[in-house]
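These are the residues of each chain, in order.
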Amino acid sequence: MNALRTVLIVLVLLAALQSTWFFLGMARVGVISWLTFNACAVANITLIIGYVLFLVLKTRLVMYMAVLPLFFFGTGGLFVFPWGGWNIIPQISHIIMTLNLIVLVYDMFRTGDFKTGALGLLLSIVLFGWFLGFQQSYVYSHRSEFQKIMKF
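Keep in mind it's a predicted model, so treat the numbers as computed, not measured.

Conventions adopted
- Residues numbered from 1 in each chain as written.
- Predicted model: local features only at pLDDT ≥ 70, side-chain atom pairs only at ≥ 80, totals over all residues.
- Heavy atoms only, no water.
- Salt bridge = Lys/Arg side-chain N within 4 Å of Asp/Glu carboxyl O.
- Helix = DSSP H or I, 4+ residues; strand = E, 2+ residues; numbered from the N terminus.
- Buried < 20%, exposed > 50% of the residue type's maximum accessible area, 1.4 Å probe, protein only.
- Phe/Tyr/Trp six-rings, centres within 6.5 Å; stacked < 30°, edge-to-face > 60°.
- Lys NZ or Arg CZ within 6 Å of the ring centre and 35° of its normal.
- Contact = heavy atoms within 4.5 Å.

Enquirer: Please explain the pattern of salt bridges as it appears in this structure.
Expert: Where charged atoms from two side chains of opposite charge approach closely, those side chains can pair. One pass over the full model with this rule turns up 3 salt bridges. The partner of arginine 60 in a salt bridge is aspartate 107, with the nearest N and O atoms 2.5 Å apart. In this pair, arginine 60 is assigned in the loop between helix 3 (39-57) and helix 4 (61-65) and aspartate 107 in helix 7 (residues 88-111), connecting sequence segments 47 residues apart. When its relative accessible area of 15% is taken as the criterion, arginine 60 is described as buried. The class of aspartate 107 is buried, set by a relative accessible area of 0%. For arginine 110, the salt bridge goes to aspartate 107, with nearest N and O atoms at 2.5 Å. Separated by 3 residues within a single helix, arginine 110 and aspartate 107 lie in helix 7, roughly one turn from each other. Connected through salt bridges with shared partners, the residues Arg5, Arg60, Asp107 and Arg110 form a single ionic network.

This is the structure in C-alpha cells:
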C-alpha cells in the first residue's frame, strides 16, 4: 500500500507541476487566476504537504484535509471537463486525484483512524469551504478568460 501511495503522490506532483507550468508559463495568468482556474493544484499541494508531514511526523491529518478539494476538484472535474482534445490532460490529472482520494479513504478504514479522518475533514471544510465559494465565483466572473485558456 505504501508503494502505491508513493507512486500516486509522485503522479499528483507531476500533474501539479505540469498544470502550474501551463497556467503560469504558457497561459501567463496571474497568481489569483492560477489558483482559481487551476484549483486542482491547491488540492494537490495540500495532499503533497500532507504526505510529507506524514513521512516526517507520522500524522495523516493534513492528508485527510485534502479529501474535500480532491473530491470537489478531482472527482468533480471528471464530470465538468470535456473528454476530448487537449482536455484529456486535465482529465488524467482528475483520475490521479480520484485514485489518491480512494487510497486516502481506504487507508482511513484500514487503519481505523476515524478520529483523525473526521478532524481532517472538519478542518478541510473550514479551510477550503471559503476557497470553493471564492474559486467558483472568480471562474464564473472570468469565464470568458477561462474558456479561452481551456478552449471550451
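Enquirer: What is the right way to read the packing of aromatic side chains from this model?
Expert: To describe a pair of aromatic rings, one takes the distance between the centres and the angle between the planes. Inspection of the entire model under this criterion finds 8 aromatic pairs. Between phenylalanine 109 and phenylalanine 114, the aromatic rings sit 5.2 Å apart at their centres with planes inclined by 75°, giving edge-to-face as the arrangement. Taking relative accessible area as the criterion, phenylalanine 114 reaches 41% and is therefore assigned partly exposed. Judged by centre distance (5.9 Å) and plane angle (40°), the rings of phenylalanine 134 and tyrosine 138 are tilted. Taken as a pair, phenylalanine 134 and tyrosine 138 lie in helix 8 (residues 114-141) at a separation of 4 residues, close to a single helical turn. Linked through ring pairs, Phe37, Phe134, Tyr138 and Phe146 together constitute an aromatic cluster. The ring of phenylalanine 54 carries lysine 58 above its face, with NZ or CZ at 5.9 Å from the centroid. It is arginine 143 that lies over the ring of tyrosine 140; its NZ or CZ is 4.3 Å from the centre.

Enquirer: Teacher, can you tell me more about the side chain of asparagine 38 here?
Expert: Among the secondary structure elements, asparagine 38 is positioned in the loop between helix 2 (31-37) and helix 3. Leaving out residues up to four positions away in the same chain, asparagine 38 has contacts with Ser19, Thr20, Phe23 and Ser33.

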